[in-house]
Structure formats: C-alpha cells, structure tokens
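Below are the chains, spelled out letter by letter.
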Amino acid sequence: MSEPKETRRQAGQAAPADVQPTIARREVTNRILKAFHLRADKSLGQNFLVEESVVARIAAAAELTPADKVLEIGPGIGTLTQALARTGAQVTSVELDQRLLPVLAETVGCYANVRIVHGDILKTDIPALLGGDSFKVAANLPYYITTPIIMHLLEQGLPLERLVVMVQKEVAERMTAAPGSRAYGAISVAMQYYTEPRLAFAVKAGSFLPAPKVDSAVLVCRRHTAPPVAVPDEKVFFRVVAAAFSVRRKMLTNSLRHMGGLSGDQVKEWLAAAGIDGTRRAETLSLEEFAALARAFGPIGAAREP
Ligand code: SAM
C-alpha cells in the first residue's frame, strides 16, 4: 500500500447542505451498493450496519462535541461516518478498500467536517494524521484484525481519550473479563491496563448487511489517565503476563519458567519475593498481582544478565 491518500474539500469551497438520506437503513445501503455495483468484500471484514438505532448508540457512546477529533477505522460506505459527522466533531476516517472512495465521496462528501483517508490503519502514522491532539475513536471494526488494531492504538501512548468499537461479542467478553472467569486472559489484562473497558450493548447479526456468522457487541473503553498499577517496565510486565498465560492450565511455578528459561528454584524465589502462591494459575491473578510479579522480576532479571 502506498502512502495514505486524502480526499478533502478544498479550502473555501462551500459545503452543500446535509440533504443525504440516513445511510444506516437496509434499503438505502442496498441502493448505494447497487448503484456502485459493489459487493461486500468478506476478506476485508465488510459487514455494513443497517440498523439506525445501533449507529446512533455508537455515536452517542463516543460522547462527541464539535470540539472533538474522532478517528474512524473502516468507514465502509459512510454509515457511521455520517452519524459522527452530524455531531459536529472533526471526523477522520481511514479506509483500506479503494473501491469505497467514490462511494464515500458521494455519501459523506457533503460534510465539511469529514476527511476520508485511503490507507491501512495498521500502517498509518496516527499522530501525523491527527496533529498530536487528543482524540476519540469510534468504529465498526473489521473483525479479522480487531486485536491488532486496538493494540496498535493503545500501545503507542497516543492521546486517545475514548475508544468505542463494535467487535465480536466473544472478544468484548474476553477484554472485559474479571480474574477467575474462564474468559480472562492476556488480552483482558492488556485492555484493563490501558483502559476501563465496558461491554455497552450486544448487537444482533441482523443489524448488518451481510449478517456476520458471529454475535457482536459494542465496547466502550475510557483510557486511564495514569496506569492503574505501578509497573517499572511495561515490557517486563507484558512478558510476565504472556509467560503466565502461555500454558494456561499450569500452575505459575511451571508457566513462569517460560520467562526466559528460569530454573524451578529461581521461579520459586521470584514468586516468594512477589508474595504469590506458585500453585495458582494465571487466570486467577489480578492486575496488581501481575504488577507485583513484574516488580519482583527486576532483581531476578538483572541477576541473570551476563
Ligand atoms: N463503518 C462501516 C459500517 O459500520 O457499516 C463499515 C464497517 S466494516 C465492519 C469494516 C470496514 O473496515 C470495511 O469498510 C473495510 O473495508 C475496512 N477495513 C478493513 N481492513 C482495514 C484496514 N486495515 N484499514 C482500514 N480499513 C480497513
């Protein structure tokens, strides 16, 4: 993919009035797809929303004002883009599928506060795109890359205030799971380290065109202003989490040996220093306990340096 290309109204060019029909309706979406001889591309996760109330709830959950900047990932034919535009916020929408650019020019080209960018969100320089200002994200995500997109947004330390995303319901359940539950895993820890995630509402497959084979849900995540636990080195923290969950059903005394080939005695010493019972399994550990392990690993890790 080449550099992202933008389509934007020229300065001084008057914006036509908002005479567009609401796109988030089955008949309007069908009409647009037909007019442009388009079929949804499954390989790009294209499932267009056709339920107006769902689109309205996503836009409302983003809590946008005209002072906000909002990044949308995958505008498709402009369904959610239109609802975001109508809040008055500055909308930047990044779409990978070139076929959709002429459609978007037609459906949301009339909104002066919308900028469509052609590109792959995973290769997009977001600070360059948004000028380093704080922003929110609202999107009906392509499910085949849900976790890479969310992690791409969170791990960079961007000034991201709020993330409102449609994801597979099972993914939303994993991201919001509490310690001790079956769904709790490394992705729950990562999401809860960076944000306060909440499964806001479930969405039926019939709300999309075509209908996906999985259930969906909208996840609302408020970014923590400061990390909820004290971690001297985030890389070590996430290495500990990955090692602990690498063999999920095993006790920590075993799974933590995956932290760079520690001996059994070293792992026992480490667990004792962190005050954690080695017979426990990763899925029972709170964020604070993972942080305690990461802190206690410091001296052990340093002692192992050549
Ligand atoms: N926002 C529209 C809606 O709600 O109806 C479409 C959502 S559809 C689930 C996901 C969109 O993401 C598609 O338009 C797809 O082409 C786009 N997409 C897929 N991979 C992408 C990527 N790597 N970067 C940007 N957009 C992508």
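Everything discussed here concerns the structure shown above.
Residues numbered from 1 in each chain as written. Predicted model: local features only at pLDDT ≥ 70, side-chain atom pairs only at ≥ 80, totals over all residues. Heavy atoms only, no water.

**Student:** Even after reading the chapter, I still don't get the site of the ligand, so can you show me in this structure?
**Tutor:** Neighbouring the ligand are 24 residues, the closest being L49, G74, E95, N140 and Y144. A distance of 2.6 Å separates an oxygen atom of the ligand from a polar side-chain atom of E95. At 2.9 Å from a nitrogen atom of the ligand is found a side-chain nitrogen or oxygen belonging to Y144. Here the ligand has 600 Å² of accessible area as a free molecule, and 99% of this is covered by the chains. For the ligand, the cavity whose grid points lie within 2 Å of the majority of its atoms is the largest cavity. Residue composition of the shell around the ligand, grouped by class: 12 nonpolar, 8 polar and 4 charged. (Near = heavy atom within 4 Å. Polar contact = N/O pair within 3.5 Å; in protein donor to acceptor, adjacent residues only side chain to side chain. Areas by Shrake-Rupley, 256 points an atom, 1.4 Å probe, with all protein chains shown as cover. 1 Å grid on protein atoms, 1.4 Å probe; cavity = no way out; pocket = protein on both sides within 12 Å on 5 of 7 lines; lining within 4 Å. Sits in = over half its atoms within 2 Å of the grid points. Nonpolar A, V, L, I, M, F, W, Y, C, P; charged D, E, K, R; others polar.)

**Student:** What's the story with the packing of helix 6 (residues 146–155) against helix 8 (residues 186–194) in this structure? I'm lost.
**Tutor:** For any two helices packed against each other, the geometry comes down to the angle between their axes and how far apart the axes lie. The geometry of helix 6 relative to helix 8 is characterised by a closest axis approach of 11 Å and an angle of 35° between their N-to-C directions. For the pair helix 6 and helix 8, the crossing hand works out as left-handed. Seen from helix 6, the contacting residues are T147, I150, M151, L154 and E155; seen from helix 8, they are I187, A190, M191 and Y194. For the contact of helix 6 with helix 8, the residue count by class is 7 nonpolar, 1 polar and 1 charged. (Axes fitted to C-alpha atoms, helices over the stretch in contact; angles between N-to-C directions. Helix = DSSP H or I, 4+ residues; strand = E, 2+ residues; numbered from the N terminus. Left-handed = near helix turned anticlockwise from the far one by under 90°. Contact = heavy atoms within 4.5 Å.)

**Student:** Explanation requested: the pattern of salt bridges in the structure shown.
**Tutor:** When charged atoms on two side chains of opposite charge get close, those side chains can pair. Here the structure, examined in full by the defined rule, presents 11 salt bridges. Between E52 and R25 there is a salt bridge, and its shortest N-O distance comes to 2.9 Å. Of this pair, E52 sits in helix 2 (residues 52–61) while R25 sits in the loop between strand 1 (5–7) and helix 1 (26–35), and the two are 27 residues apart along the sequence. The salt bridge partner of R249 is E283, with a shortest N-O separation of 3.2 Å. Residue R249 is located in the loop between helix 9 (234–246) and helix 10 (252–255), and its partner E283 is located in the loop between helix 11 (264–274) and helix 12 (287–303); the two are separated by 34 residues in the primary sequence. On the basis of relative accessibility, which here comes to 48%, the residue R249 falls in the partly exposed class. Classification of E283 as buried rests on a relative accessible area of 14%. (Salt bridge = Lys/Arg side-chain N within 4 Å of Asp/Glu carboxyl O. Buried < 20%, exposed > 50% of the residue type's maximum accessible area, 1.4 Å probe, protein only.)

**Student:** Just checking my understanding: could you explain the side chain of T124 for this structure?
**Tutor:** As for its placement among the helices and strands, T124 is situated in the loop between strand 5 (114–118) and helix 5 (126–130). For T124, the residues in contact, after removing those within four places along its chain, are V94, L129 and H152.

**Student:** Any chance you could explain the pairing of strand 6 (residues 135–140) here in plain terms?
**Tutor:** Walk down a regular strand and you will see the side chains alternate between the two sheet faces. Strand 6 sits mainly inside the fold: 6 of its 6 residues count as buried. As judged from the 2 bridges shared by strand 3 (residues 69–73) and strand 6, these two strands associate in the parallel manner. Bridge pairing in strand 6 links V70 to K136. Pairing between strand 6 and strand 7 (residues 160–168): 6 bridges, direction parallel. If you follow V137 over to strand 7, its bridge partner there is L163. Where the polypeptide runs from strand 6 across helix 6 and back to strand 7, its parallel neighbour, the crossover connection is right-handed. (Pairing = 2+ DSSP bridges. Right-handed = clockwise from strand over helix to strand, strands pointing away.)

Such coordinate-based values are descriptive only and should not be taken to indicate function.
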